[in-house]
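Residue strings, one per chain:
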Amino acid sequence: MGKIEVRQLVQGVPFATAVLARAPLSWSADNNIALVTQHGVYILSRALNFTEYVFGTNTNFLPAAFGDFNSDKLTDLFVVTEDGKTLEILISQSEPPLMLASGADGGPSCTYKTLNIVNVAPGDFDGNGAMDVMIVSHNTKVSEFFEVYILWGNLKEMSLKCASEDSPLLSLSGQPLVMDYNGDMIPDLFGEDENKTRKFWVFGQDPKREPPVAVPVEVGNLTSLRVPSSHAFIDLDDDLAADLWVTAEGQYEVWMKSDKGFKLNRIPNLPTSVVGQTSFADVNLDGEVDALVPALKDEQSAIFIYSYGHSNWIELDVNFKDSAENIWRYPKADDKDYLYTDTITLHVGDYNLDGYPDILVTLINAENKPRVILMENVKCEAACNAYPRKFVPHWNLFEEFGDTVLGTFFDFQEDGTLDILLVRKDSDGKYQLGVYKDPNEYDAVFVKVLIPTGRCYGSDCELHNIPYGTNQPGPSITYIITTATGGLQQSRDTQLSQTAYHALQLPYTVFGLGRNWNFVEELRVGIPKGNNSETLSSSFTQIIPNSQLIVIPYPRGHPDRWVSKLFITPSKAMLMTAGALVGTCLFVAAIIGILYRRELQQDKREKQQDAHKFHFDAMR
């Protein structure tokens, strides 16, 4: 399997720093928690508002992307200032604050005068094994188009070469999708240029960092791309090679990858006339990726699901009425008082690690106030015949955070459990970051998978590094595990399948395994085809639950030689099991010791009795 490393124990309320007392938690009558650490005392609410512990006092940012900029296996946070003119990288660390703002010890930043940064996508755009950053600006006072810039990264100096705002790399009609067109593990772009012509822009390994090569797409009578779009570079036909889901005006398109490029496969219709952004998840744990679309049906909010294998839209059972009979709705185009209301996006993540992905969505109440709502994926009983799963809203989970306009998942402490990153609007009109940590402990396990670039490894890289931080789009992962009841559980996902319009996807995949403590029998990984007729994939067996598997597809053309590293995160249940085993062994050893001591004492008494016997034979 490769290198195995045991990481720090995380259990209950996990903290990465040392504590100053044997029992450092104090619970007050008003449900606040006081935690004593070597860095001071932290006061947490019962709902575990984790904001200060993660960010300190630096919260006036807007989240833009995730990625490991300094390649230390800790995921950093890319943020934009509220005016859209500055990009900053908050470097992740193991001590509070977990996200260190730019400065002497923090990450780099770039500030512009006229840009309005609306999208950020980290990636290795020159193939040197170090992370670069793509930014997209949309300032209608300067240009009607979306202007693309590449900020070239320097891993040795931990810096960014801030691009000149007067010289955009590309001008497009919408935000581009970051994908891998030719399978060389260097990110490329897909979108429409100023003339509404669909193109792929292909980057190559080039020390001179020349502009990408434009590859036009033959579209025939197809409609233009929709703005805002929600294209996806995702495996739809279960062959572990990413395909292309395109959101166009009035329709969707499915393009399958072949050795001659992408070919149009089918054109699914829209479920209704008004739809939001498409998200993707294996909703019912059948091993197939489904498309999830928020939509309006008869002026009422709804969620539809589409499976490539069944080719039809199904409306899911979701109740948008809370316990007080208040009806919540999706944001509308005229809800301009808040950021992020220009799109309706479902952010996907397995919140409770039961294996079934949940969603976060922003809804508006009758008072036109926004709130992020967690919708839990649960079994649909006999009342729903159309689909076996449904989403149940948790209305008040983030109520104490105020007017929240965005929620997405993020594993802040790299322990395999997904926390929730929130953006709220305060009464003064400013936007602040917030972090919610679930106070509940689920008796569930996970497996976390990261697939960086496979262009180089170690001494073969230009920087002689292991390229953990490259944000590779398109690798597909599937697993199979035997459940406690003897059945098979499987799921599938594609890493970084979407990158535009607040997609905020993580550069890794977290699969919840539920209460299945068995080894993951098989985990298969595949990378984009490129010009290959066959998918390049490799399988790994007997993966330990509660671990992170890093698969480096190097050398790319030899999947049987791909590098793998396994990092184990012991859980509370695992340690309790180990403790019980050790306790049992000690108990048995103590019993054996007691019996052995009693036997010795018995032998001693028998010898003493033999010594005091009067032998009559000796008198003869």
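Scroll up a little and you will see the structure.
Let me begin by describing the structure that accompanies this report. A quick note: this is a predicted structure, and the numbers were derived from the prediction, not measured. (Residues numbered from 1 in each chain as written. Predicted model: local features only at pLDDT ≥ 70, side-chain atom pairs only at ≥ 80, totals over all residues. Heavy atoms only, no water.)

### Thoughts on the sheet that holds strand S30 (residues 370-379)
Strand order in this open sheet of four strands is S28-S29-S30-S31, and the pairing throughout is antiparallel. Both edges of this open sheet fall to strand S28 (347-349) and strand S31 (389-394), since each of them pairs with a single strand only. Mean inter-strand twist for the sheet, computed between neighbouring axes without regard to direction, equals 35 degrees. Pairing analysis gives six bridges linking strand S29 (residues 358-364) to S30, with the strands arranged antiparallel. Of the residues in S30, the one forming a bridge with Val361 is Ile373. (Pairing = 2+ DSSP bridges. Helix = DSSP H or I, 4+ residues; strand = E, 2+ residues; numbered from the N terminus. Axes fitted to C-alpha atoms, helices over the stretch in contact; angles between N-to-C directions.)

### Brief notes about the packing of aromatic side chains
According to the stated counting rule, one finds 22 aromatic pairs in the structure shown. On the numbers, 6.0 Å between centres and 85 degrees between planes, the contact of Phe55 with Phe412 is edge-to-face. Placement of Phe55 in helix H1 (residues 51-55) and of Phe412 in the loop between strand S32 (403-410) and strand S33 (419-425) is noted, with a sequence separation of 357 residues between them. Each member of the pair, Phe55 together with Phe412, is buried. With a centroid separation of 5.1 Å and an interplanar angle of 40 degrees, the aromatic rings of Phe190 and Phe200 are classed as tilted. Linking Phe190 in strand S16 (residues 188-192) with Phe200 in strand S17 (residues 198-202), this pair joins segments that are ten residues apart in sequence. Relative accessible area serves as the criterion here: at 2%, Phe190 is assigned to the buried category. For Phe200, a relative accessible area of 5% corresponds to the buried category. Among the aromatic residues, those joined into a ring-pair cluster are Tyr181, Phe190, Phe200, Phe233 and Phe262. (Phe/Tyr/Trp six-rings, centres within 6.5 Å; stacked < 30°, edge-to-face > 60°. Buried < 20%, exposed > 50% of the residue type's maximum accessible area, 1.4 Å probe, protein only.)

### Concerning the pattern of salt bridges
Under the counting rule described, the total for this entry stands at 13 salt bridges. Residue Arg424 pairs with Asp426 through a salt bridge whose shortest N-O separation is 2.8 Å. Linked by salt bridges that have partners in common, Asp235, Asp238 and Arg492 make up one network. (Salt bridge = Lys/Arg side-chain N within 4 Å of Asp/Glu carboxyl O.)

### Some words on the state of the cysteines
Evaluated as defined, the whole model comprises two disulfides. The residue that forms a disulfide with Cys110 is Cys162, at a sulfur-sulfur distance of 1.9 Å. On the sign convention where negative is left-handed, the bridge of Cys110 and Cys162, at about -85 degrees about the S-S bond, is left-handed. Taken together, the positions of Cys110 in strand S9 (residues 109-111) and Cys162 in the loop between strand S13 (159-161) and strand S14 (170-172) put the pair 52 residues apart, joining distant regions of the chain. (Disulfide = S-S within 2.5 Å.)

### Re unusual backbone geometry
Following Pro96, the chain continues into Pro97 via a peptide bond in cis, with omega recorded as -5 degrees. Here Pro97 lies in the loop between strand S7 (86-92) and strand S8 (99-100). Put simply, Val227 and Pro228 share a cis peptide bond, and its omega is 0 degrees. Its place among the elements puts Pro228 in the loop between strand S18 (213-216) and strand S19 (232-234). Despite not being glycine, Lys196 has its phi angle at roughly 65 degrees, a positive value. Topologically, Lys196 is positioned in the loop between S16 and S17. Despite not being glycine, Gln542 shows a phi value in the positive range, around 55 degrees. Under the relative-accessibility criterion, Gln542 is labelled partly exposed at 45%.

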